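# Examination of the molecular architecture
This is what each chain is made of:
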Amino acid sequence: PVPELPQFLFAVHFRPPHSKWRSGAMELPSGNRLNPPSSSVSSRRRRQRFLSEGGRVDRISALPDDLLLQVLCRLRCARTAALTSAVARPWRGLWRHLTELSFREIAPDALEAALGLVARPAISLLEIDIPEEHRGEIDPARVSALLRTAARLAPTALVFTACGNCSVAPIEVPVFHRATSIKLEVHNLCLTPPAHGLEFPVLERLSVGGGYAFDTDEFIQRCPRLRVLEVGNRCRLHKIKVHSTTIEELVVSDDCWANGIDIMAPALKQLKLSIRMDSQFSVSFSAPMVENLWWDFSCPSQNVGDDGWRMLHLSLWKKESVNTLRLTIDAGPSMLMDLEDYAEAYAPFADRNFSEEIASLPNFSVLQLHLIRRGHAFGPVVSNLLGICTFIQKLKVDINEFTCTGVCPPNCPCEQPQNWRSQTISLWQLLKKLK
């Protein structure tokens, strides 16, 4: 008897490309029709497929299963591999023994059934990508069940992608005891580490994207061999806390929200941070071995600054062993408003001044200032920043003449302090470079 094909093969409507079926026949692009063979012809062709001239076994049919599995593995798709069962008997059920399985564009119910058919106790790669159109079927309980099933297959590498409906209910990630690489793209879902302090004993690379309230510290403490941590796709974080003696590369990308960074990583060599700063953002940083450094912080709350000037953006990068800091600072329409109007549009007072913000950063020797002056005097703010950064060896100032129709009111904060023209600032490192 011929066993039934796996249910997940039919989870998505399948049709040969550039062809149409009509009345039991397939219409080809040329306009001709290919009629299905009669049962007698089909039976005869089936016999010819397995027997070559002289009644010997067909060469393809005679290939060992290990070689057939190598062929199926290169299809990079579990559905396509399973469809070969409909073509030739030697391929039937072989997909269940693949060491690499990729399930894409399969509905959750059919996916669970397919995972239950896998025959191997351990595989090298498991990739699961649930289509976004099934978002309504993706809740924390369903994701938890799929992750537990995936863990039972003991993959060396796991890639899991799903999109939920903005649920903050925690989803416990089970232990993958053989996994050296895990990538979790879980949009609008909240992940938590395994319960009872269980660890990922051999995990070296962890990538998480799109999740809510992802706790970097909790996961790092469960990964004693972690070397690479990637967080992205607008993941909502608390503080990015990385205290690790093993991490060598840290990437936080795609404008993740965070209320601070706390990094103590003596082995860290590559660091890339792209962050939207929450209002109470703070920085603590220690990574003496870092070689490639790139920070990109935006400040939507505009709560860092002095005397009406507000920081919009901060960039810090390392090139040829030289750290460069670039600050984008906006005079803002606030200095053209009454205090009451200003309080409605912005916080009337900054939570942190420029000196506090700069003091928390890694050392730098090049300062670039991009000033959006809006018609205001910029001498005082530049004088203030130079007084903070007396150690710089190179300075660049860009002035953006933003269109502004107003005029400074009396005693405008942009002229404070009024004695800035008579102040003396020692920039001995900068002067040394000029000589």
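The written sequence of each chain sets the order in which its residues are numbered from 1. Given that the model is predicted, a residue must reach a pLDDT of at least 70 before its local features are reported, and side-chain atom pairs must reach 80 or more before they are shown or counted; all residues, however, enter totals for whole chains, interfaces and linings. As a rule here, side-chain values cover all heavy atoms of the structure and leave hydrogens and water aside.

## A look at the environment of Arg222
As a reminder of what qualifies: Helix and strand definitions here come from DSSP, where helices need a minimum of 4 consecutive H or I residues and strands a minimum of 2 consecutive E residues; each element is numbered from the N-terminal end. Burial classes: relative accessible area under 20% of the type maximum marks a residue as buried, over 50% as exposed, and values in between as partly exposed (1.4 Å probe, protein chains only). Here a polar contact is recorded for every N or O atom pair within 3.5 Å, except that within protein the pair must consist of a potential hydrogen donor and a potential acceptor, and residues adjacent in sequence are included only if both atoms are side-chain atoms.
Tracing the backbone shows Arg222 in the loop between helix H7 (216-220) and strand E11 (228-232). Under the relative-accessibility criterion, Arg222 is labelled buried at 13%. For Arg222 and Pro194, which are 28 residues apart along the polypeptide, the C-alpha to C-alpha distance reads 8.3 Å. A polar contact is formed between the side chain of Arg222 and the backbone oxygen of Leu198, at a distance of 3.3 Å.

## Describing the side chain of Ser365
What counts is decided by this rule: Two residues form a contact once any of their heavy atoms are found within 4.5 Å.
Structurally, Ser365 is set in the loop between helix H9 (354-359) and strand E19 (366-372). Residue Ser365 is classed as buried on the basis of its relative accessible area of 16%. Setting aside anything within four residues of it in sequence, one finds Ser365 in contact with Val322, Asn323, Ile392, Gln393 and Lys394.

## Here we look at empty space enclosed by the protein
Basically, it comes down to this: Of the two site types, the cavity is a set of points on a 1 Å grid over the protein atoms alone where a 1.4 Å probe fits but cannot get out, and the pocket is an open set with protein on both sides within 12 Å along at least five of seven lines, each lined by residues with an atom within 4 Å of a point. Grid points are joined across faces, edges and corners, and a volume is the space filled by probe spheres set on the points. In the scheme used here, Gly and all other residues not listed as nonpolar or charged are polar, with Ala, Val, Leu, Ile, Met, Phe, Trp, Tyr, Cys and Pro taken as nonpolar and Asp, Glu, Lys and Arg as charged.
Following the criterion strictly, the structure yields three cavities of 30 Å³ or more and no others. Of the volumes computed, that of the largest cavity is approximately 50 Å³. If one sorts the elements of the lining of the largest cavity by residue count, helix H10 (residues 379-388) sits on top with three residues. Residues that form the lining of the largest cavity fall into these classes: five nonpolar, two polar and two charged.

## Quick look at the confidence of the model for the protein
Spelled out, the test is: Think of pLDDT as the predictor's per-residue confidence, scored from 0 to 100.
Per-residue pLDDT for the protein has a mean of 81; in total, 79% of the residues score no lower than 70. Least confident of the elements in the protein is helix H1 (residues 39-50), whose mean pLDDT is 39; most confident is strand E5 (residues 125-129), at 96. For the stretch residues 34-49, pLDDT sits under 50, and the model shows twelve contacts to residues farther than four places along the chain or on other chains. Within the model, pLDDT remains below 50 along residues 336-348, and this stretch shows 18 contacts once partners closer than five positions in the same chain are excluded.

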